[in-house]
Amino acid sequence: MNSRPTHPDVLVVGGGATGTGLARDLALRGVDVTLAERGGLSAGASGRSHGLLHSGARYAESDPEGARECLEENRILRDIGGAAVRETRGLFVQLAEDDPDYFEEKRAACEDVGIPIDVIDGGTARDAVPGLSDEVERAMWVPDGVVVPSRLVAANAAAARDRGADILPHAPVTDMTVDDGRIASVSLGGDAERTLEPTYVVNATGAHAGRIAAMAGVTVPMRPTRGVMVSVEYDGLEPVLNRCRDPADGDIVVPHDDEAVLGTTSVPVDDPDDYERADWEVERTIEECATILPAVAEADQVRTWWGVRPLYEPEEAARGGRGISRGFHLLDHAADGSERTSSSALGSDGVENFASIVGGKLTTYRRMAEATADLVCDRLDVDAESTTATTELPGASEPSTLDEYVREFDGQGPTDSDLVGDSR
């Protein structure tokens, strides 16, 4: 193991969707990449989400630009993702108690953004989705889908590995040495047990970005929140169900073959590794989701898990409120650096060969990776464009191959344990 190169062009820290997507993008551009993840791949937010592939409709009225990004990436992932994406639809439903003006605002915003919609009455919605609440007065079809994150992350890692990248699960960063304004070395523990001397380092560790940045003497303020997901036995649900109201607890039901995933809550946490998992969150999520699909209230629970969102503190402070579309932020920590994709720039940190990518959504992981790869290639004088939007992921048409990748990288998360073949 220690015979592998110790001087990669780029070290990517973090093995979720964004980190593996970045490794893939860079490797396709001919850059020598090592990726280090402290656990198995997709062990963090990517593998502990509800797996919704956003159409953009959820954010259409609050953030049209973000909604357009979601719509574009939704279409790209359907083209390149194969069996890492499930072809469902989405249905926004208005209950009798919900504000009809909110429904109209969302409909108009979707039309402005270019999101394909189809408004139907309550009876037609119940015909399309057996078991839908009698309180549904009308509904709106949107092109939501479902991501199988374990497969998606593992396929990105396999694509990078096939182009020469070194993918190291169970390889936590234990130390960084900064010399003359540059990261000179990074020590890895766990299964790796090696010291690397990369030319450039990218921090793609989600909610842990602040801790990794601190090792380099950099401040990246994060404001993580936890959210619960509850999977229940429910056979035959086709579309993602969204309650058409201001985003709140328990307003999304995601179909998973013979299960349905109910979500979610949003509660601030101080430590993304050590936080309360409260019974009230489970109870509220089930109760609220049952207003859309009543039978889930009595359905047998299969598994319950929490995920931690990697929210960037300056954006949360400036915009606030759940349901606001959370963009991503590319933080260039060079002495002349600035924040590349957000309006509120960080001050310069003076670490020339270091960047952090934070925030965002699973749906936009590929775009986040492309923006970061553009920055890295600029710093390394690599003249190559991204091809990830038009290059199919390896194994995309073969679920069994994707599941082999999951096993290879110890990439099984709780989100999709019912959809991915036995990976243990």
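Refer to the structure above for everything that follows.
For clarity, every value in this text was computed on a predicted model and none was experimentally measured.

> Lay out the packing of aromatic side chains with the relevant residues and their values.
Scanning the entire structure with this criterion turns up zero aromatic pairs. Sitting over the ring of tryptophan 141, arginine 89 keeps its end group 3.6 Å from the ring centre. Here arginine 277 stacks its cationic end above the ring of tyrosine 275, 4.0 Å away from the centre of that ring.

> Give a description of the side chain of aspartate 98 that names residues and reports values.
With respect to the helices and strands, aspartate 98 occurs in the loop between β5 (90-95) and α3 (100-113). At 2.8 Å, the side chain of aspartate 98 forms a polar contact with the backbone nitrogen of leucine 95. Setting aside residues no more than four positions away along its own chain, aspartate 98 makes contact with Val93, Arg243, Cys244 and Arg245.

> How would you summarise the pattern of salt bridges if you had to cite specific residues and measurements?
Tallying each qualifying case throughout the model produces 31 salt bridges. Linking glutamate 259 and arginine 303 is a salt bridge whose minimum nitrogen-to-oxygen distance equals 2.5 Å. Within this pair, whereas glutamate 259 is found in strand β17 (residues 259-263), its partner arginine 303 is found in strand β19 (residues 301-309), the two being separated by 44 residues in sequence. In this structure glutamate 259 comes out as buried when scored by relative accessible area, which is 9%. It is possible to trace a salt-bridge network through shared partners that takes in Glu72, Glu73, Arg366, Arg367 and Glu370.

> Describe the sheet that holds strand β4 (residues 85-86), listing the residues and the values that go with them.
Judged by pairing direction, the sheet is antiparallel, and its three strands sit side by side in the order β3-β8-β4 without closing on themselves. Either end of the sheet is taken by a strand with one partner, and the two such strands are β3 (52-53) and β4. Here β3 pairs with strand β8 (residues 145-147) via two bridges, running antiparallel. Residue pairing for β8: leucine 52 is matched across the bridge by valine 146.

> Account for the side chain of asparagine 156, naming residues and giving values.
Take asparagine 156: it is sitting in helix α5 (residues 149-162). Of the residues examined, asparagine 156 reaches a relative accessible area of 1% and is grouped as buried. Polar contacts involving the side chain of asparagine 156 include one to the main-chain carbonyl oxygen of leucine 152, which spans 2.8 Å. Of note is the side chain of asparagine 156, whose polar atom sits 3.0 Å from the side chain of tyrosine 365. In this structure, asparagine 156 is in contact with Thr20, Gly21, Arg24, Tyr365 and Leu393, ignoring residues within four places of it in sequence.

> Tell me about a negative patch on the surface, and please be specific about residues and values.
A contiguous patch of negative charge on the surface is contributed by Asp99, Asp101, Glu105 and Asp246. The residue glutamate 105 is located in helix α3 in this model. By relative accessible area, glutamate 105 is classed as partly exposed at 43%.

> Just give me the short version of the environment of leucine 152, but keep the residues and values in it.
Here leucine 152 is to be found in helix α5. Leucine 152 sits 88 residues away from valine 240 along the chain, and the two C-alpha atoms are 19 Å apart.

> Explain the packing of helix α2 (residues 64-80) against helix α9 (residues 365-380) residue by residue, including any values.
It is at 9 Å that the axes of α2 and α9 come closest, and there the two elements cross at 100°. With respect to each other, α2 and α9 are oriented roughly perpendicular. Every residue of α9 that contacts α2 at Glu69, Glu72, Glu73, Ile76, Leu77 and Ile80 is listed here: Tyr365, Arg366 and Arg367. In terms of residue class, the contact of α2 with α9 is built from four nonpolar, no polar and five charged.

> So what about the nonpolar core? Which residues, and what values?
Judged by nonpolar contacts, the single largest core of 52 residues is most densely connected at Val10, Leu26, Ile167 and Tyr200. Among residues more than four places away in sequence, those in contact with isoleucine 167 are Leu35, Leu41, Ala157, Ala160, Arg161 and Phe409.

> A description of the sheet that holds strand β9 (residues 166-168) should follow, citing residues and the corresponding values.
Strand order in this open sheet of six strands is β9-β2-β1-β13-β21-β20, and the pairing throughout is mixed. This sheet does not close on itself; its edge strands, each paired only once, are β9 and β20 (328-332). On average, each strand axis in the sheet is tilted by 15° relative to the strand beside it, whichever way the strands run. Helix-sheet contacts for α9 involve β1 (10-13), β13 (200-203), β20 and β21 (354-359), and the interaxial angle to β20 is about 15°.

Definitions and cut-offs
- Residues numbered from 1 in each chain as written.
- Predicted model: local features only at pLDDT ≥ 70, side-chain atom pairs only at ≥ 80, totals over all residues.
- Heavy atoms only, no water.
- Phe/Tyr/Trp six-rings, centres within 6.5 Å; stacked < 30°, edge-to-face > 60°.
- Lys NZ or Arg CZ within 6 Å of the ring centre and 35° of its normal.
- Helix = DSSP H or I, 4+ residues; strand = E, 2+ residues; numbered from the N terminus.
- Polar contact = N/O pair within 3.5 Å; in protein donor to acceptor, adjacent residues only side chain to side chain.
- Contact = heavy atoms within 4.5 Å.
- Salt bridge = Lys/Arg side-chain N within 4 Å of Asp/Glu carboxyl O.
- Buried < 20%, exposed > 50% of the residue type's maximum accessible area, 1.4 Å probe, protein only.
- Pairing = 2+ DSSP bridges.
- Patch = residues over 30% accessible without salt bridge, like charges linked within 9 Å, V, L, I, M, F, W, Y side chains within 5 Å.
- Areas by Shrake-Rupley, 256 points an atom, 1.4 Å probe, with all protein chains shown as cover.
- Lys, Arg positive; Asp, Glu negative; His and termini not counted.
- Charge placed at Lys NZ, Arg CZ, Asp CG, Glu CD.
- Axes fitted to C-alpha atoms, helices over the stretch in contact; angles between N-to-C directions.
- Parallel < 35°, antiparallel > 145°, perpendicular 65-115°, else oblique.
- Nonpolar A, V, L, I, M, F, W, Y, C, P; charged D, E, K, R; others polar.
- Core = buried A, V, L, I, M, F, W, Y, C linked by side-chain atoms within 4.5 Å.

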